[in-house]
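Structural overview
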Amino acid sequence: MTASTATAWIAESDRDESVPKQPQVIRTPEDMHALSAQVRAGGKRIALVPTMGALHAGHLSLVDHARGKAEFLVVSIFVNPLQFDRDADLDAYPRTWEADYALCAEHGVDAIYAPTAPAMYPDGFATKVSVSGLGAGLCGAHRPGHFDGVTTVVAKLFGAVMPHLAVFGQKDYQQLKIVQRMAADLNMDIEVEGRPTLREADGLAMSSRNVHLSPAQREQALCLRRALDKAQELARAGERDVEKIKTAAARLVEGVPEARLEYLEVVDAENLAPLAKLEGPARMALAVWLGATRLIDNDDLN
Ligand code: PAF
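Each value, and the rule that gives it
- Residues numbered from 1 in each chain as written.
- Predicted model: local features only at pLDDT ≥ 70, side-chain atom pairs only at ≥ 80, totals over all residues.
- Heavy atoms only, no water.
- Near = heavy atom within 4 Å.
- Areas by Shrake-Rupley, 256 points an atom, 1.4 Å probe, with all protein chains shown as cover.
- Nonpolar A, V, L, I, M, F, W, Y, C, P; charged D, E, K, R; others polar.
- Pairing = 2+ DSSP bridges.
- Helix = DSSP H or I, 4+ residues; strand = E, 2+ residues; numbered from the N terminus.
- Right-handed = clockwise from strand over helix to strand, strands pointing away.
- Expected span 1.5 Å × (residues − 1).
- Buried < 20%, exposed > 50% of the residue type's maximum accessible area, 1.4 Å probe, protein only.
- Contact = heavy atoms within 4.5 Å.
- 1 Å grid on protein atoms, 1.4 Å probe; cavity = no way out; pocket = protein on both sides within 12 Å on 5 of 7 lines; lining within 4 Å.
- Points joined across faces, edges and corners; volume = space filled by probe spheres on them.
- pLDDT = per-residue confidence, 0-100.
- Axes fitted to C-alpha atoms, helices over the stretch in contact; angles between N-to-C directions.
- Parallel < 35°, antiparallel > 145°, perpendicular 65-115°, else oblique.
- Left-handed = near helix turned anticlockwise from the far one by under 90°.

Bringing the site of the ligand into the picture now. Inspection of the region around the ligand gives Pro50, Thr51, Met52, Asn80, Gln83, Val153, Phe168, Asp172 and Gln175 as its neighbouring residues. Within the complex, the protein chains bury 89% of what would otherwise be the 290 Å² of accessible surface of the ligand. Considered class by class, the residues forming the shell around the ligand number four nonpolar, four polar and one charged.

What follows is the structure in structure tokens.
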């Protein structure tokens, strides 16, 4: 894309806000960078919602929030091979480009950054962005290399989109904390904001992976929310002993026929260190397998 195309497009979007936008689709880091440079030169704030597509109401709540905080809204859609520890998971990840495009148009997205894998990782690509410490426990302990894959791709997305603000869901709480640390440590001058998890009416956290659940597994998946409810109930009733809270919460997963608890941990809400006593801000996080589908969830215990 050339700079003049970007200027023409911005002028058009300024003309009539009531006409649903047809988001522009950008396929390479170079084109994204050129567009963002134009937008910034025009004095506009850019917000980015990074996604891997298969957009659902949880993503759209991030999009709607971001739209209110910037004049130019970019959604990135890229299924990032670097962050998958299992090929089967990467292959099975839902890809729903047409529906995603239509949802972005409905929600006022200005540009969809959907690079190809070779554009992101050309031959000779050799850089890894790694945040130490925060990625050691929780999901990081069970998915080797996962968070390095996330930080590497998010650093690349930030470099191409140059957003002022990036919005992430708190469902991936560890990811959020790691990305915030990376942005601060590397002086990226990007506000990284976490937004509350959106849930189905029965409490299941929205996730692109929920489509893989059979009806029976979908019902059993409620054990994650029930475990969090139990922990919150105990904490709010004054229980400070984390072992007791974890045992009571884990029981609600272990009793479910198809569920296999991968981890259940209570951690400091900021540095993610495991806690023995509830004293300051704390978060419970868990990962549960239902058949071949891995679900995660978390909530605060304060
Ligand atoms: O949360 C996700 O969908 C992904 O981990 C992200 C942040 C888009 C990076 O690929």
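Read on for the rest.
To continue, consider the pairing of strand S6 (residues 191-195). Of the strand pairs in this sheet, strand S5 (residues 165-169) and S6 are connected by five bridges, and their pairing is parallel. Across the sheet, Ala166 pairs through a bridge with Val192, a residue of S6. Note that the unit made of S5, helix H9 (residues 173-185) and S6 has a crossover that is right-handed.

Between its terminal C-alpha atoms H9 stretches 18 Å, which fits the 18 Å expected from 13 residues at 1.5 Å a residue. Those residues of H9 lying buried are Tyr173, Gln174, Gln175, Leu176, Lys177, Ile178, Val179, Met182 and Ala183. Packing partners of the buried residues in H9 comprise helix H7 (138-142), helix H8 (146-161), S5, S6, strand S8 (282-290) and strand S9 (293-300). At the C-terminal side of H9, Asn187 shows a positive phi close to 50°.

So, on to the layout of surface pockets. There is about 210 Å³ of room inside the largest pocket. Met52, Ile77, Phe78, Val79 and Arg95 are the residues nearest the centre of the largest pocket, which is lined by 16 residues in total.

Turning our attention to unusual backbone geometry. Although it is not a glycine, Asp189 adopts a positive phi angle of roughly 55°. Mapped onto the elements of the fold, Asp189 is located in the loop between H9 and S6. The residue Leu272 is not glycine, and still its phi comes out positive at about 65°. Within the element layout of this structure, Leu272 appears in the loop between strand S7 (259-268) and S8.

This paragraph deals with the confidence of the model for the protein chain. Parts of the prediction with low pLDDT should not have their coordinates interpreted in detail. Mean pLDDT for the protein chain: 94, with 93% of residues reaching 70 or above. When the criterion is pLDDT under 50, residues 1-13 qualifies, and its contacts beyond four places in sequence or with other chains add up to 18 contacts.

Once that is clear, we can look at the sheet that holds S7. Across the sheet, which stays open at both edges, the three strands sit in the order S7-S8-S9 with antiparallel pairing between neighbours. Two strands in the sheet have a free side with no partner beyond their single neighbour: S7 and S9. Ignoring which end each strand starts from, the neighbouring axes of this sheet average 15° apart. Here S8 pairs with S9 via eight bridges, running antiparallel. From the neighbouring strand, Ala287 faces S9, where its bridge partner is Ile296. Its contacts with the sheet put helix H12 (residues 242-254) on S7 and S8, and the angle it makes with S7 is roughly 155°.

Here the focus is the environment of Pro122. Take Pro122: it is sitting in the loop between helix H6 (117-120) and H7. Taking relative accessible area as the criterion, Pro122 reaches 40% and is therefore assigned partly exposed. Taking the C-alpha atoms as reference points, Pro122 and Glu98, separated by 24 residues in sequence, lie 26 Å from one another.

Right, let's get into the packing of H8 against H9. Direction vectors running N to C along H8 and H9 enclose 50°, while the axes themselves pass 10 Å from each other. As far as their axial angle goes, H9 and H8 are oblique. H8 and H9 meet at a crossing whose hand is right-handed. Residues Phe147, Val150, Thr151, Val154, Ala155 and Phe158 of H8 touch H9, and the partners they reach there are Gln174, Gln175, Ile178, Val179 and Met182. Taken together, the residues of the contact of H8 with H9 break down into eight nonpolar, three polar and no charged.

Read across the sheet, six strands follow the order S1-S4-S3-S2-S5-S6 without closing on themselves; strand pairing throughout is parallel. The strands lining the two open edges of the sheet, one partner per strand, are strand S1 (24-26) and S6. Averaged over all pairs of adjacent strands, the angle between their axes in this sheet comes to 25°, without regard to strand direction. Bridge analysis of strand S2 (residues 46-51) against S5 gives two bridges, and the strand direction is parallel. From the neighbouring strand, Ala47 faces S5, where its bridge partner is Leu165. Helix H2 (residues 29-41) contacts S1, S2, strand S3 (72-77) and strand S4 (111-113) of the sheet and is inclined by roughly 130° relative to S1.

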